[in-house]
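# A look at the structure
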Amino acid sequence: MLFLQVLFRKIIPTINVYQFYSMKSYNTNQIKNVVLVGNSGSGKTTLGEAMLFEGGVIERRGDVESKSTVSDFKEIEQNNTCSVFSALLYTEFNDHKINILDAPGLDDFIGGVVSSLSVADTALMVINAQNGVEVGAEVHGRYLARASKPIIFVVNHLDHEKVNWEKTIESIRERFGNHAVLAQYPVNPGSGFDAVIDVVTMKMYRYPSGGGKPQIVDIPDDQKDQAAEFHAQLIERAAESDESLMEQFFANDTLTPEEFQKGIKGGLINRGLFPVFCVSAKKNIGTDRLLEFITQVVPSPDELPAVKAGNKEVKCDKSGTPAMFVFKTSMETHIGEINYFKVMSGQISEGMDLVNNTTKNKERIAQIFAVAGKNRNKVPSMVAGDLGATVKLKGTRINHTLSADTSLKFDPIVFPEPKYRTAIKPLSEGDEEKLGEALQRMNYEDPTIRIEYSKELKQIILSGQGEYHMNILKWHMDNIFKIGTEFLLPRIPYRETITKVAQADYRHKKQSGGAGQFGEVHMIIEPYKEGDTKPTMYKIDGKEYKISVRDEEEIPLAWGGKLIYYNCIVGGSIDARFMPAILKGIMEKMEEGPLTGSYARDIRVCVYDGKMHPVDSNEISFRLAGRNAFSQAFKKANPKILEPIYLVEVLVPSDRMGDVMSDLQGRRAIVQGMESEMGFQKITARVPLAEMNKYSTALSSLTGGRAIYTMKFSEYEQVPGNVQDELLKAYEAEQDEE
Ligand SMILES: Nc1nc2c(ncn2[C@@H]2O[C@H](COP(=O)(O)OP(=O)(O)OP(=O)(O)O)[C@@H](O)[C@H]2O)c(=O)[nH]1
Ligand SMILES: [Mg+2]
């Protein structure tokens, strides 16, 4: 079979699809689903490559530098020598199928981590032994805790001359507590690294210079005490995972090998034990032992709790109802849309019909693939717990459930809120529609992108996880979809309101030639506050106005806040049929505020007097009179511009806190709090959106990429006087240009 595959690849290298069933079929208890997480550059993709090589899925190991890894197969990833999308890989080891999700480490691509976590059962947290725990590991650690996923630490780069093993272990313990327990330690970390001592098997593994299969020998005398001490710590931690094991441990002061293994597995599953392994992915040292541990100890999908699907709980059981959950959708040249799925229950077979319980479409599963990057291996079926891909589905996307049970819908993956925005426009006018379609397709592949066609800002606003994230999206527009685009400064959705009562009246009169127009409106406006009682009297500039509200309309505004519209006309000075027209005129100015054309909010309007003309008064006259009277009153009511304020949380290593703080203060931030969290400082601040432009890039350069932030809308607040003046000037200049 292998000969045919090699021949196939030689004849048609571009097609990485094995047209015939070449893969062994696996049962649920022979499947392990792991996700590679950790900071960018920690070596996840390189480790994935070594794992595929050790499992014989690939004959030669590629590397990131020569753009030849299985995982980073997209052009954009090779250009940037980092993972941008998550990639599904698999390897076969010790009669097991290990599905490996290689997740991107950069925070801009966090979407790939979140979707991978939704279907992985255990995480391999890859740590760069030169730097210890970095911000990427910190962030992923939080997601893993929220999803209560088991963690195995894989300390990588142990062959690097700048390695610092002690500092690395210290940082892991500092961040993840004493649940992190050594399963291995390196004998000679640094450029000569070739051996580890494993305190699970109590053996030393010495690797040949090219990596690969080790010599397994007894632990040298000078290491025996150290190894025994670590072994005892591991045994104790394993015993703590289960009461009955604890009793065994107290009774016998140790555990049997079976109890030990059971304890480690139990500790993994309840997150009481995070074993630490040692590798050099680049030199393929330690990979085989890690794979062995995964096949022997890591829980298979049927050993984990049932998964929630609305009010149902679904066990990962081969004999259950066929059901699959789509956790990733990607577009690939020559193939089109590929949907990556997990078999959540039952068995999925080629040619099977299932129902998409979101679109309600019947879907034929034409082909099923075991996937390793862009290599797809056709298989006749997949059992509960397995991860695979399929093509040619009609409108199936991420978060969709396909099942024989039409009432089944697994809980959706919740992607993080965006924290970076830009505006985009096509270089050539006629490309709007094409751009819209292309953005939509990108959004299917990456749900952390938000696309907003903002009528208010008259821009296409893109939001995402960072400037890098948006640049990657632009690269796709320019290079894949061939649509020239440019990024623009995104406008800020300011708001306008008033801070004091004001009166104005306006006469609209047009009686020269053709149908005449006449309408006169007198109104008083004031700021609206929830719970205010109906007005009865105003005193403005020494003059008193008695008000009796005859009719009231409360209008909740689509952009937030309210408008209260009172008909206080007495004596029929304006006929009731013209009141809606006046309101229409006022709403036109509420939509395009008198100060900067932004939405206005939280205003009460009393129309208390006016004049009509028996012939010339009509809807348009009073719409215009209402509009202009409102605009005049607005300008007399000490109007203020409001700006959106965001609650920003920045996670920064302590040594960079000062720089980050002063930068925030330079952005008109109001610091709400600081707390230290496991070697990091968490700064919470309220910051105007207008000051957060390109913050991801600024923060990255301030901290060498060692910090992250999140932001979410908090409320609207008046801008400072000088800022209001600048905004008014800018608006006037813009008006003059038009
Ligand atoms: N010396 C040494 N270099 C390594 C090792 N593992 C990875 N590297 C190098 O580290 C760099 C980053 O490796 P990747 O595998 O791309 O790291 P990653 O974690 O996938 O990074 P992201 O995709 O950005 O999250 C590459 O230049 C690798 O060659 C290792 O064990 N030793
Ligand atoms: Mg990578």
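Residues numbered from 1 in each chain as written. Chains lettered and ligands numbered in written order. Predicted model: local features only at pLDDT ≥ 70, side-chain atom pairs only at ≥ 80, totals over all residues. Heavy atoms only, no water.

## Some words on the coordination of the magnesium ion (ligand 2)
- In this structure, T45 (OG1) and S83 (OG) serve as the protein donors to the magnesium ion (ligand 2), at separations of 2.0 to 2.1 Å. With T45 in helix α2 (residues 44-54) and S83 in the loop between α3 (75-80) and β3 (87-93), the pair connects residues that are 38 residues apart, well separated along the chain. Pair check on accessibility: T45 and S83 agree, each one buried. (Donors = N, O, S within 2.8 Å, 3.2 Å for Na, K, Ca; no water. Helix = DSSP H or I, 4+ residues; strand = E, 2+ residues; numbered from the N terminus. Buried < 20%, exposed > 50% of the residue type's maximum accessible area, 1.4 Å probe, protein only.)

## Things to note about the pairing of strand β12 (residues 274-278)
- By the criterion of burial, β12 is predominantly enclosed, with 5 of the 5 residues buried.
- Looking at chain direction, strand β6 (residues 151-156) and β12 are connected through 3 bridges and run parallel. Pairing of F153 across the sheet is with V276, part of β12.
- Pairing of strand β7 (residues 180-182) with β12, which is carried by 3 bridges, proceeds in the parallel orientation. Of the residues in β12, the one forming a bridge with V181 is P275. (Pairing = 2+ DSSP bridges.)

## Some words on the pattern of salt bridges
- The tally for this structure, following the rule as stated, stands at 48 salt bridges.
- With its nearest N and O atoms 2.5 Å apart, the salt bridge here joins D353 to R364. Here the residue D353 occupies a position in strand β18 (residues 352-356), and R364 occupies one in strand β19 (residues 362-365), the gap between them amounting to 11 residues.
- The partly exposed category is assigned to D353, whose relative accessible area is 33%.
- The class of R364 is partly exposed, set by a relative accessible area of 47%.
- Among the salt bridges present, the one from R450 reaches E417, with a minimum N-O distance of 3.4 Å. (Salt bridge = Lys/Arg side-chain N within 4 Å of Asp/Glu carboxyl O.)

## Focus on the domain arrangement of the protein chain
- When cut into domains, the protein chain gives domain 1 (31-302), domain 2 (307-397), domain 3 (420-491), domain 4 (496-638) and domain 5 (642-724).
- Of note, the centres of domain 1 and domain 4, computed from C-alpha atoms alone, are 69 Å apart. (Domains from an automatic or database assignment.)

## Notes on helix α15 (residues 657-665)
- Residues of α15 that are buried: M657, V660, M661, D663 and L664. Within α15, the buried residues cover an arc of 165° as seen down the axis, which keeps them to one side.
- In this structure, the buried side of α15 is in contact with β38 (640-653), β39 (670-677), β40 (680-688) and α16 (695-703). (Arc of directions from axis to C-beta. Contact = heavy atoms within 4.5 Å.)

## A closer look at the sheet that holds strand β37 (residues 603-611)
- In spatial order, the strands read β30-β31-β37-β35-β34; together these 5 strands make up an open sheet with mixed pairing. The open sheet terminates on both sides in strands that have one partner only, identified here as β30 (502-510) and β34 (551-556). Averaged over all neighbouring strand pairs, the angle between strand axes comes to 20°, with direction disregarded.
- Judged from the 6 bridges that link them, β34 and strand β35 (residues 562-567) form a sheet pairing that is antiparallel. Within β35, the position partnered with E553 by the bridge is Y565.
- The strands that helix α14 (residues 619-636) touches are β30, β31 (517-527) and β37; relative to β31, the one it contacts most, it runs at about 35°. (Axes fitted to C-alpha atoms, helices over the stretch in contact; angles between N-to-C directions.)

## Regarding the packing of aromatic side chains
- Under the definition given, this model contains 16 aromatic pairs.
- With centroids separated by 5.4 Å and ring planes inclined at 55°, the aromatic side chains of F109 and Y468 adopt a geometry described as tilted. Pair noted here: F109 is in the loop between β4 (96-102) and α4 (110-117) and Y468 is in helix α12 (residues 467-480), with a separation of 359 residues, a long-range link.
- One aromatic cluster in this structure is built from F153, F176 and F274.
- The residue whose ring lies beneath K24 is Y26, and the NZ or CZ to ring-centre distance is 4.4 Å.
- One cation-aromatic arrangement involves K97 over Y90; the distance from NZ or CZ to the ring centre is 5.6 Å. (Phe/Tyr/Trp six-rings, centres within 6.5 Å; stacked < 30°, edge-to-face > 60°. Lys NZ or Arg CZ within 6 Å of the ring centre and 35° of its normal.)

## Some points on the site of ligand 1
- Among the 21 residues in the neighbourhood of ligand 1, the closest are listed as S40, K44, T46, E65 and D159.
- Residue G105 places a main-chain N or O atom 2.7 Å away from an oxygen atom belonging to ligand 1.
- Here an oxygen atom of ligand 1 sits 3.1 Å away from a polar atom, N or O, in the main chain of A281.
- In isolation ligand 1 offers 650 Å² of accessible surface; the protein chains occlude 89% of this area.
- Per-element tally for the shell around ligand 1: the top contributor is α2, with 3 residues.
- Across the shell around ligand 1, the residue classes tally to 4 nonpolar, 13 polar and 4 charged. (Near = heavy atom within 4 Å. Polar contact = N/O pair within 3.5 Å; in protein donor to acceptor, adjacent residues only side chain to side chain. Areas by Shrake-Rupley, 256 points an atom, 1.4 Å probe, with all protein chains shown as cover. Nonpolar A, V, L, I, M, F, W, Y, C, P; charged D, E, K, R; others polar.)

## As for the state of the cysteines
- On inspection of all chains with the given rule, the structure shows 0 disulfides.
- In this model C606 remains outside any disulfide bridge; the closest cysteine sulfur is found in C568, 4.0 Å from its own. (Disulfide = S-S within 2.5 Å.)

## Let's talk about the sheet that holds strand β27 (residues 459-464)
- Reading across the sheet, the 4 strands line up as β26-β27-β25-β28 and stay open at both edges, with antiparallel pairing between neighbours. Of all strands in the sheet, those with a lone pairing partner are β26 (450-454) and β28 (485-488), marking the two edges. Recorded for the sheet is a direction-independent mean angle of 35° between the axes of neighbouring strands.
- Across 4 bridges, strand β25 (residues 420-426) lies against β28 in antiparallel orientation. Among the inter-strand pairings, P426 is bridged to a residue of β28, identified as T485.

## Looking at helix α6 (residues 165-176)
- Between its first and last C-alpha atoms α6 spans 16 Å; for 12 residues at 1.5 Å apiece the expected length is 16 Å, and the two agree.
- What α6 keeps buried is the set W165, T168, I169, S171, I172, R175 and F176. One side of α6 holds all its buried residues, which, seen down the axis, span an arc of 160°. Projecting away from the buried face of α6 at angles above 90 degrees are the exposed residues E166 and E170.
- Check the buried side of α6 and you find it contacts β5 (122-128), α5 (135-146), β6, β7, β8 (184-186) and β12.
- The distance from a side-chain oxygen at the start of α6 to the backbone nitrogen of E166 is 3.5 Å, and the residue carrying that oxygen is N164.
- At the C-terminal side of α6, G177 shows a positive phi close to 75°. (Expected span 1.5 Å × (residues − 1).)

## As for the side chain of T91
- Examined against the element boundaries, T91 turns out to sit in strand β3.
- For T91, a relative accessible area of 0% corresponds to the buried category.
- A polar atom in the side chain of T91 sits 2.9 Å from the backbone oxygen of M51.
- In this structure, T91 is in contact with M51, L52, G55, V57, H96, K97, I98, I100 and L291, ignoring residues within four places of it in sequence.

## A closer look at the pairing of β30
- Note that β30 and β31 share 9 bridges and pair antiparallel. Bridged to D505 within β31 is H522.
- Hairpin geometry of β30 and β31 is characterised by an intervening segment of 6 residues between the two adjacent antiparallel strands and by a positive phi of about 75° at G513.

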